[in-house]
Structures are given as structure tokens and as C-alpha cells.
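Chain by chain, the residues:
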Amino acid sequence: MNPGFAGRRALAVALLVIAAGAGAAGWWYLRGEASAPTYRFAKVERGPLTATVSATGTLNPVVSVSVGTQVSGQIKELFVDFNSPVKKGQLIARIDPETFEYRLRQAQADVDAARSAVYRAQVNLANAKRDLARTRELVERNFVSPADLDRAQAQFDLAQAELRTAQATFAQREAQLASAQVDLARTQIRAPVDGVVIKRSVDVGQTVAASLQAPELFVIAKDLRDMQVETSIDEADVGRIRVGQRATFTVDAFPGRTYSGEVKQVRKAAQTVQNVVTYTVLVSASNESGELMPGMTANVRIVTDTRDSVLKVPNAALRYRPAGESPAPSGDARKSEVPGTGAGGAAAQLRERLVAELKLDAEQQARLDPILAEMRSRFMALRDLPEEARAKAAGGIRADIRARIEQILQPEQKTRYAEIVAELGARAGAPASRGRIWVLRNGKPTPIDVRVGLTDGTASEISGPGVVEGLEVIVGQQGGTNSAPAQKGAPPRMFF
């Protein structure tokens, strides 16, 4: 064999081996690069933060008066229509007065007859009085017997009684006459307040019956320049609502336009629909331009707290956690749960407070323990639900637990229990005070424990060592073996 050919062959084999090795090394390198996680970042920013409660409601006049009728009859005339401005005392409708006019005439005739009866009784009394005087004088002269005097006295007493009866009948007939006059006047329907007619429920020729209750003829809004939004706030949020808080709202009729107002009243009457408890909150609404109309649906945002300049991060940064890492300890400065005990500690702490402050006897304590045990298991079962569904389910559980605890309490204990519920409900609206964010150092996620303050649902206020403006924090990742699986939510706080 030619030695030169053998050398070239050996060189070719060596080159092939080197190329294969280089290809394998490149494949392994690219595979490692592909498996490395890709992180998404956000920066810690400084700026304002506003916490709000959102709800929907209905625009209504502050004062609206339902105008009815106290007499029955047929509508003869209407003097106003929808949107008609009216003044107090203005005639707005008339019921056919013919029947009431006849009743008035009859009552007047009865009064005249009763007056004549009184005159007749007065004449009879005067005659009986004279007869009594003459008879008494004749008896004194022994011209007649004392029996005649007795008969004259009886006639006089009878005439007095007849006069009193005639006078009473006259007064009765006068009262009937006054009643007939009032009924006749009531056929004229007048506006009770200044305002605008926003509803008309009758037409000319329609018969209205006022036998059991006054039928509604009109609804008059006193002043459409001053309106209010009646909105329903969930019990989980009502603890953060206070009179005087700023509010804004929008209506579908004028998209892009925002109206301002403030909380005027938080009604204590609860409304329960399908185990969901809400409370009515009134928000003022200025309507100087008159464009807002009663019945419009308003999307309300009530400002519960605000910060002018705080460090904040997206909530996704607080939710992020690499796989295999334990979640940050959470809680608040009030120590709503006993450290390290979780749901069981909160229930135990609640039991201790109820026993101490409500002075529960042994029987009540025995009935309370199964309720709290069930409460713990029901709240823990909510861990796997999405956050929104978890919050709604927790509200239903709280309502059910409250009702069951109230059943074992005495009337005097229920008052204090309601105060405890209100206090704990207010605490439930406060955000957790501890959390954890992650930053990338030396190519690896590194945790930083922070205090969490106000949140607006998108971003949260944070503070703590190492937290500075511009700090890049991890909000998510793609790929890599360290990609965290979907986290289970913490069980809702058991405040109720």
C-alpha cells in the first residue's frame, strides 16, 4: 500500500472524529442553553397608590315622592306628563268630583235638618221651663197637687235631654259635612313638593280604587340636580367603607366621562341573596348639567385609602415563587393568626375571645366547638380554588358560620358578638403585612422578604431592607427545570 495514501486516510478519519466531537459538544451546549429559564422582570417604582372598592349601583333622586289618591274614582283630567316641572300645591290631576259633590249636598242638607232640630228642642225646653215655674207656683198656693209638679219637672228634664241630643246630632252632621268637603277637595291631586314628574302611572278615563292603599298616580323627583347612587357592597369590603370617602363613577350612556361624589351613608340593613350578604351604600352625585337620569347603571369606585409616594411592585412579583421554594410567611401586625398554627390557630384564638368576651357557658362552648372545627376544614378546602372564586366562597362560609354562632347566643350576647364581627371584618380588609420578592443574583433567583402595605389590585406597596427604586424583580419565568408550578392559594382569613 502506498504510504502517502495511508497517511491521508488516517488524517481524514481524525478530522471526522474531531467534527463529530465538536457537533456533540455544540448539541449539548445548545441543549443546556435551551433548558435555561427565561425570566420576566419588573422594576420597583415610586409613585401614588390608591386602594378602591368597586361595585355597581343605580342612580336615583335623593328625594322622590310617590303621589297617590285617598279617594276612589275615575281620572277626569291630567295636567302634567312625564318630565313636567311642578311646584308645591300645583294641580296635577282631577278625579271626577260628581259623586262627592252629591255627598256634600246631602251632608249640607243633614246639617240644616239637624240645626232645625236644635231650634225645636230649644223651644220645647223653654216651654217646659215656663210650665215648671207655673206649676211650682200653683203648688205653693195649693191649687194643684205635688204630682203635677213632678210631671212638669220630668217634662223639663226630658226637654233638656232632647236639646243635648239635637246638639250632638248637629255636631255629627257638621263633621260629616266637613268630611264630605275634604273628600271633594281630595279629588284634586296636587304636587306635594317642587320637582319634576319622572313617572306617570294613570291616563284620563282610568278608574283608581283607594280601598286598601293609595294607588300610585305619579312619582315626583324633588331635585334632579342632586342625585345619589345606591350601590351594593359585599360584606368582605364594607368594613373599609366610611362616610365621607371620595368616590367616582361612570355610566354607560356617557363612556369616557367620570363623575365625582362621596359616600353619604352606609346602611346597616343587610341584604342576603343566595347566601351572599351585601350592604347598601349611598354615594352622592352632582347633576348640575341634568344629563344623568334616574335608573342609570353606575360603575362605582370608592377610594378607601391612598398613598402619594410609595415604592410599589406588580402583584405578580409577590406571587412569583421558584419551584421547590416555600412561600413567604404572611400575616399582619395585628397577629390575626397565632404564628405557626395557621387556620387552626385563628380558630383557637377566636374561640378564646368569644368565650371570654361573651361569657359562654359550658353548653354554649360545647356547641361552639363543632362549628369552629367545621369552619377550619371548610376554609382549608378553599386552597385549591382561584383567588376570585376563593374570596366569594369564603364570604358564603362566613355568613353561614355567623348565623350558626348567633343561634347559640342569648339576646344580650348577640350585641357584643355583632361588635366583634364588625371589628374582625374591618381587619379582614387590611392587606397582609409580609411577603417575598425575588431578584436575579449570579444567575439565580434570590429572595428578599418585604413588608406589604396598600394594594390597588394590580400593584402593592412594599418596604424593607434592600428595596430601592429601580430594583429589578422577577415576575415570572419560562422554561428551565426551575419553572414553578401553579401555586395553591392560601386559605382565606377566617374573619367573620
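See the structure printed just above.
Just so it is clear, the structure is predicted and the values come from calculations on it, not from any experiment.

Caption draft 1: View of the packing of aromatic side chains. One pass over the structure, following the stated rule, counts two aromatic pairs. Ring centres of phenylalanine 249 and tyrosine 259 lie 5.4 Å apart, and the angle between their planes is 20 degrees; this geometry places the pair in the stacked category. Taken together, the residues phenylalanine 249 in strand S12 (residues 246-251) and tyrosine 259 in strand S13 (residues 259-273) connect sequence positions 10 residues apart. As far as burial versus exposure is concerned, phenylalanine 249 and tyrosine 259 are alike and both buried.

Caption draft 2: Fine view of the sheet that holds strand S9 (residues 207-208). In space, the four strands of this open sheet follow the order S7-S6-S4-S9, with antiparallel pairing throughout. The open sheet has two free edges, formed respectively by strand S7 (188-190) and S9, since each of these has just one partner strand.

Caption draft 3: Just the pattern of salt bridges, in detail. What the rule picks out here adds up to 21 salt bridges. Linking arginine 94 and glutamate 77 is a salt bridge whose minimum nitrogen-to-oxygen distance equals 2.3 Å. Of the two residues, arginine 94 sits in strand S6 (residues 91-95) while glutamate 77 sits in strand S4 (residues 73-78), which places them 17 residues apart along the sequence. For glutamate 77, a relative accessible area of 30% puts it in the partly exposed group. The partner of arginine 436 in a salt bridge is aspartate 449, with the nearest N and O atoms 2.8 Å apart. Remark: aspartate 449 occurs in strand S17 (residues 444-455) and arginine 436 occurs in strand S16 (residues 434-441); sequence separation between them is 13 residues. A residue is classified by how much of its surface remains accessible, and arginine 436, at 16% relative accessible area, is buried. Taking the relative accessible area as the measure of exposure, aspartate 449 reaches 45% and is therefore partly exposed. One network of salt bridges, with partners in common, ties together Asp81, Arg200 and Asp203.

Caption draft 4: Region of the structure containing the sheet that holds strand S5 (residues 85-86). The sheet built from four strands is open, its strands ordered S3-S10-S8-S5 with antiparallel pairing. Across the chains shown, the open sheet's two edge strands, defined by having one partner strand only, are strand S3 (64-68) and S5. Strand direction decides the pairing type here: strand S8 (residues 195-200) and strand S10 (residues 216-221), joined by four bridges, are antiparallel. Following the sheet pairing, valine 196 is matched in S10 by alanine 221.

Cut-off values and rules
Residues numbered from 1 in each chain as written. Predicted model: local features only at pLDDT ≥ 70, side-chain atom pairs only at ≥ 80, totals over all residues. Heavy atoms only, no water. Phe/Tyr/Trp six-rings, centres within 6.5 Å; stacked < 30°, edge-to-face > 60°. Helix = DSSP H or I, 4+ residues; strand = E, 2+ residues; numbered from the N terminus. Buried < 20%, exposed > 50% of the residue type's maximum accessible area, 1.4 Å probe, protein only. Pairing = 2+ DSSP bridges. Salt bridge = Lys/Arg side-chain N within 4 Å of Asp/Glu carboxyl O.

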